[in-house]
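# A structural walkthrough
Spelled out from the first residue to the last, the chains are:
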Amino acid sequence: MKLASLKHGRDGRLVVVSDDLAWCADASTVAPTLQAALDDWARCAPLLQGLADSLSHDAVPRERFHERDAAAPLPRAYQWADGSAYVNHVELVRKARGAEMPPSFWTDPLMYQGASDAMLSPRDPIPLADEAWGCDFEAEVCVVTGDVPMGATREQALDAILLVGLVNDVSLRNLIPAELAKGFGFFQSKPASALSPVFVTPDALGDRWRDGKLSGAMRVDLNGQPFGRADAGVDMTFDFGTLIAHVAKTRSLVAGSIVGSGTVSNRDAGGGPGRPVAAGGLGYSCIAEIRMIETIEGGAPKTPFLRHGDTVRIEMRDAANHSIFGAIEQTVAAP
């Protein structure tokens, strides 16, 4: 089952979307918003699935689904907790900042709590007031949970995953070092993130969803050119069950909480940090990684961070080359 929120008010209007993302059906008779459906998932999920089945058989009124009309599935979320499940990415980015990586990062998940009061729509521009801030995209997988009790086990956390999607976790790289040096974490350096047009129930992902991981190439294009094709199911040190259980160690999570994987990152087949797509590699899901590789190989980074007018596109496709979640496609613009 695929769900989306069309732009309407602050929290969108819930619709069920066809598997090919061509059509949608109004779901307001079940719940007015996705958050309302998540709050009452035991009742709403079967009704929404029935609506999805009827949509697939042209048995309910339908309208064309246009990704440009989609808000973020959850325009406002109660929780946005982002991990760094791909430790290869953490290692590279910390090297770029001249910071050593503690060995515990391979056994204890790294996570920060982001702002979720305004999640960007998949076609919203990335607002950037100053190019000197070092704007970067981060292509990630995310999940949406139901209620998760404090102290939940990994298995309980996996059972609480209701939806899966993609996220562009925007980072302002040049603001990060000074902010972290204060010892109080990210804030200004982590502006609003954008969500994919559609979120999908785990059962609808088939074999792509297994043991709390989503497999498949994270397709990232920068200004129309292939930039990243890393497989989200490879080199993921911590699965989503582990990430959610980590969050729930000291608190409960409420229905509608979003948990991110961190930037999808693969090592090269030979064990190295990865090669650009143009060089036959799987590329990168953020600019910071290629800048680190350029520094290692040439002594200094060459690829610039995002500038006004740059466009990034993030999506994942199925075996028939159809988009699974729709595409996040954003152009950097002055606010």
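In the block above lies the structure referred to throughout.
For the structure given in this document, a descriptive report is provided here.

Conventions and cut-offs
Residues numbered from 1 in each chain as written. Predicted model: local features only at pLDDT ≥ 70, side-chain atom pairs only at ≥ 80, totals over all residues. Heavy atoms only, no water. Helix = DSSP H or I, 4+ residues; strand = E, 2+ residues; numbered from the N terminus. Rg over C-alpha atoms; globule rule 2.2 N^0.38 Å. Contact = heavy atoms within 4.5 Å. Areas by Shrake-Rupley, 256 points an atom, 1.4 Å probe, with all protein chains shown as cover. Lys, Arg positive; Asp, Glu negative; His and termini not counted. Charge placed at Lys NZ, Arg CZ, Asp CG, Glu CD. Buried < 20%, exposed > 50% of the residue type's maximum accessible area, 1.4 Å probe, protein only. Phe/Tyr/Trp six-rings, centres within 6.5 Å; stacked < 30°, edge-to-face > 60°. Lys NZ or Arg CZ within 6 Å of the ring centre and 35° of its normal. Pairing = 2+ DSSP bridges. Core = buried A, V, L, I, M, F, W, Y, C linked by side-chain atoms within 4.5 Å. Polar contact = N/O pair within 3.5 Å; in protein donor to acceptor, adjacent residues only side chain to side chain. Salt bridge = Lys/Arg side-chain N within 4 Å of Asp/Glu carboxyl O.

Once that is clear, we can look at the overall build of the protein chain. Along its length, the protein chain carries seven helices and 20 strands. In terms of overall dimensions, the protein chain is globule-like: its C-alpha atoms have a radius of gyration of 19 Å, near the 20 Å expected for 335 residues. With respect to the three principal axes, the spread of C-alpha positions in the protein chain is 60 × 45 × 40 Å. For the protein chain, the proportion of contacts with a sequence separation of at least 24, taken over those separated by at least 6, is 72%. As presented, the protein chain carries roughly 14,300 Å² of accessible surface, and 51% of it is formed by carbon and sulfur atoms. Between the centroid of the 31 positive side chains of the protein chain and the centroid of its 42 negative side chains there is a distance of 3 Å.

Another aspect to go through is helix α6 (residues 240-247). In an α-helix, one turn spans 3.6 residues, which is why side chains three or four residues apart end up on the same side. Counting buried residues along α6, six of its eight residues qualify, which places the element largely inside the surrounding structure. F240, G241, L243, I244, A245 and V247 are the residues of α6 that are buried.

A few words now on the packing of aromatic side chains. Scanning the entire structure with this criterion turns up four aromatic pairs. Taken together, a centroid distance of 6.2 Å and an interplanar angle of 25 degrees make the contact between W209 and F240 stacked. Here F240 lies in helix α6 and W209 lies in strand β14 (residues 209-210), a separation of 31 residues in the sequence. In this structure an aromatic cluster arises from ring pairing among F137, F227 and Y284. The ring of F186 carries the charged tip of K190 above its face, separated from the ring centre by 5.2 Å. One cation-aromatic arrangement involves R291 over F305; the distance from NZ or CZ to the ring centre is 4.1 Å.

Our next topic: the environment of A37. Looking at the element boundaries, A37 is found in helix α1 (residues 34-39). Sequence spacing of A37 and L14 is 23 residues, and the spatial spacing of their C-alpha atoms is 8.7 Å.

What follows concerns the sheet that holds strand β20 (residues 328-333). The strand order across the open sheet built from five strands is β7-β20-β19-β16-β17, with neighbouring strands paired in mixed fashion. Of all the strands in the sheet, the pair left with one neighbour each is β7 (126-127) and β17 (225-228). Pairing between strand β19 (residues 311-315) and β20: four bridges, direction antiparallel. In the strand pairing of β20, V312 is matched with Q330.

This part takes up the nonpolar core. With 69 residues, the main nonpolar core has F65, V141, V164, F240 and F325 as its most contacted residues. Setting aside residues up to four positions removed in sequence, V164 forms contacts with V141, C142, V143, V198, F199, V200, P202, L205, W209, L214 and F325. Residues A31, A52, C142 and L163 belong to the second largest nonpolar core, which totals 33 residues.

Counting through the fold element by element, S196 comes out in the loop between β12 (194-195) and β13 (199-200). Separated by 3.0 Å, the side chain of S196 and the backbone oxygen of V198 make a polar contact.

Moving on, we come to the pairing of strand β2 (residues 13-17). The side chains of a regular strand alternate, residue by residue, between the two faces of the sheet. The element β2 is extensively covered by neighbouring structure, given that four of its five residues are classed as buried. Inspection of the sheet shows strand β1 (residues 2-6) paired to β2 by five bridges, in the antiparallel sense. Each residue of the ladder has a partner; that of K2, found in β2, is V17. With antiparallel pairing between neighbouring strands as the criterion, β2 and strand β3 (residues 23-26) make up a hairpin whose turn holds five residues, including L21 at a positive phi of roughly 65 degrees.

Attention now goes to the side chain of E67. Mapped onto the elements of the fold, E67 is located in the loop between β4 (63-64) and β5 (79-83). Accessibility expressed as a relative area gives 17% for E67, which makes it buried. If near-sequence neighbours (up to four positions away) are discounted, E67 is found in contact with L21, P122, R123, P197, G326 and A327.

Our focus in this paragraph is the environment of P125. Looking at the element boundaries, P125 is found in the loop between β6 (111-113) and β7. Once the C-alpha coordinates of P125 and D58 are considered, the two residues, 67 residues apart in sequence, prove to be 34 Å apart. In contact with P125, other than residues within four places in its own chain, are L120, Q330, T331 and A333.

Where strand β16 (residues 219-222) lies against β19, four bridges are found, and the strand directions are antiparallel. Bridge pairing links L222 to V312 in β19.

We now examine the pattern of salt bridges. Opposite charge on two side chains permits them to pair, given that their charged atoms come into close proximity. Applying the stated criterion across every chain yields a total of 18 salt bridges. Between R313 and E329 there is a salt bridge, and its shortest N-O distance comes to 2.3 Å. With R313 in strand β19 and E329 in strand β20, this pair connects stretches of sequence that are 16 residues apart. You can call R313 partly exposed: its relative accessible area is 25%.

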